[in-house]
Amino acid sequence: MVLVPVAATRAPATLLVIFGATGDLAQRMLFPSLYGLHADGLLPERLRILGTARGGHDADAFRALVAAAVQRQVPAREFDRDRLDGLLARLDYVAADTRDAADMARLGARIRALREGEVVYHLSTAPRFYAPICDALAAHGLAGAGTRVMLEKPIGHDLASAIAINDGVARVFAEDCVFRVDHYLGKEGVQNLLALRFGNALFEPLWNARHVEQVQITVAEAVGVEGRGDYYDGSGAMRDMLQNHLLQLLCLAAMEPPSQFEPTAVRNEKLKVLRALRPIGRAEVAAETVAGQYVAGAVGGQAVPGYIEELGHPSRTETFVAIRAHVDNWRWSGVPFYLRTGKRLPRRATEIFLQLRAVPHSIFPGARIEPNALVIRLQPEERIELLLMHKTPGLDRAGVRLSQVALDLDLHEEFAAHRRRPAYERLYLDALEGNGTLFVRRDETEAAWEWVDAVLDGWRHGDHAPRPYAAGTWGPAAAIALTERRGHSWRE
Ligand code: BG6
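This structure is a prediction, so every number in the text was calculated from the model and none was measured. (Residues numbered from 1 in each chain as written. Predicted model: local features only at pLDDT ≥ 70, side-chain atom pairs only at ≥ 80, totals over all residues. Heavy atoms only, no water.)

Engineer: Sorry, what's going on with the packing of aromatic side chains here?
Structural biologist: Between two aromatic rings, the relevant description is the distance of the centres plus the angle of the planes. Scanning all chains against the criterion turns up 14 aromatic pairs. Between Phe31 and Phe62 the ring centres are 5.6 Å apart and the planes differ by 75 degrees, which places this aromatic pair in the edge-to-face class. Of this pair, Phe31 sits in helix α1 (residues 24-39) while Phe62 sits in helix α2 (residues 59-73); the two residues are 31 residues apart in sequence, bridging distant segments of the chain. A ring pair is formed by Tyr232 and Tyr307, whose centres lie 6.1 Å apart and whose planes are at 70 degrees; its orientation type is edge-to-face. (Phe/Tyr/Trp six-rings, centres within 6.5 Å; stacked < 30°, edge-to-face > 60°. Helix = DSSP H or I, 4+ residues; strand = E, 2+ residues; numbered from the N terminus.)

The structure is reproduced here in structure tokens:
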């Protein structure tokens, strides 16, 4: 495995305070990840974890909740009761409404009692509470030197609201103490994209417009809105997935080599990509974007309802989006980056596909020569495929026949002895050590919103309703036309 060294830039935190500690994310992802880190002996030895939420649990009831969540989420072969007890011994809980001064005073007293060194506040609440919580922390003398804050996505629902949230947080925390989570950056496969690009000399000479014909970034989900309809309906695929996860993948795929794997160098390069994205506005949305919404269909042989039936009321929110984007710089001039994400697509698949240009001249008359391609599969399994042309075996007198074969690296098999770690293990480890490389900087978030806002404005202005697609298909037919107009086709 290529191990990317992560330099600790600050003293490891000794207290992690999780706001929204009884919420869905905390139970599904955060505590199971903290369990994994604890079980592997990776948490700072003195780390205490203080959960807080409005719910009236006491510390014992909270520990029971966390224990149940860990047992539910962690695969049986990785679970160990003693280690769980070790994690629980680090936990404490204070029920608090952060808008209530008396509650904040109680929370503050507990934080002071537990605090021995640096503190990380992790805000896993609705984003509208981020600035008020930061203000409350400051008002109670809980911010300042030795503290930092982790923020969950979404940072706002457009550029203006993102700026308001970022301004609110910046009143209390300096930017290098703000750790904006995009959990895709914590995924092993996503970091492996960096290892593949910058740990090998093989690809760099080809990684540009001279050799690359098109790039596709797909994040397909088979699931629907999974009971999160209220949040999702106010968001849609564009804000929920494209503004963050897909644009981050685009950045990592398209950026120039940073001089070092460290926060400023990496994030400067990503920002340049976001700023080089060609704007898609009112005049372009019809030709460059497709929005869709699923109707009833079947996924994996199972009949599933449409989005509106799931939601229980009419809606024009898109559950699918496809965009033909361009990164207007020397490296990528003219190369389309097709971005596609949606719910209720045929299967879960996250992949980056780079198709190289065709050979300039064929010496094999009549043979069909497919262009080479590199497929970087991130989910559900990690795999890298290099598609090459190969002579079809045989003594064909009519001429050489060729077929496409894959040099196939199954990383799951290759690293079978390694546990597959949830993204939050990496992210917690880095946040606790104060390393921001895999977190999103303010200017990145805002540049991404600026680009996304123009598309959303174009949709609103042109009254573009999302096009229906049957659940279990790859989105509306118009998405196919988006690539075919350029002689390309989606890889499926
Ligand atoms: C979240 C979105 O950020 O990412 C969800 O809000 C989505 O709608 C999820 O399902 C996908 O994450 P993953 O890790 O399952 O690919």
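Structure shown, so let's carry the discussion forward.
Engineer: In this structure, what is going on with helix α4 (residues 101-114)? I would like to understand it.
Structural biologist: Since the α-helix advances by 3.6 residues per turn, residues separated by three or four positions end up pointing in the same direction. Compared with the 20 Å implied by 1.5 Å per residue over 14 residues, the 20 Å span of α4 between its first and last C-alpha is a close match. What α4 keeps buried is the set Asp103, Met104, Leu107, Gly108, Ile111 and Leu114. Angular distribution of buried residues about the axis of α4 spans 135 degrees; they occupy a single face of the element. Facing away from the buried side of α4 by more than 90 degrees, the exposed set consists of Ala101, Ala102 and Ala113. Where α4 is buried, its residues touch β1 (15-19), β2 (48-53), β3 (91-95), β4 (119-123) and α5 (130-139). A distance of 2.9 Å separates the backbone nitrogen of Ala102 from a side-chain oxygen at the start of α4, and that oxygen is part of Asp100. (Expected span 1.5 Å × (residues − 1). Buried < 20%, exposed > 50% of the residue type's maximum accessible area, 1.4 Å probe, protein only. Arc of directions from axis to C-beta. Contact = heavy atoms within 4.5 Å. Polar contact = N/O pair within 3.5 Å; in protein donor to acceptor, adjacent residues only side chain to side chain.)

Engineer: Sorry, what's going on with unusual backbone geometry here?
Structural biologist: Working note: non-glycine residues mostly have negative phi, and peptide bonds are mostly trans. In this model, Lys153 is joined to Pro154 through a cis peptide bond whose omega is 0 degrees. Looking at the secondary structure, you find Pro154 in the loop between β5 (147-151) and α6 (159-170). A cis amide bond links Gln379 with the next residue in sequence, Pro380, at an omega value of 0 degrees. Within the secondary structure, Pro380 sits in the loop between β14 (373-379) and β15 (383-391). Phi is positive for Arg344, close to 55 degrees, though the residue is something other than glycine. Positionally, Arg344 belongs in the loop between β12 (336-342) and β13 (349-356). With phi around 55 degrees, Asp463 is a residue other than glycine that occupies positive phi space. Positionally, Asp463 belongs in the loop between α15 (442-461) and β17 (467-470).

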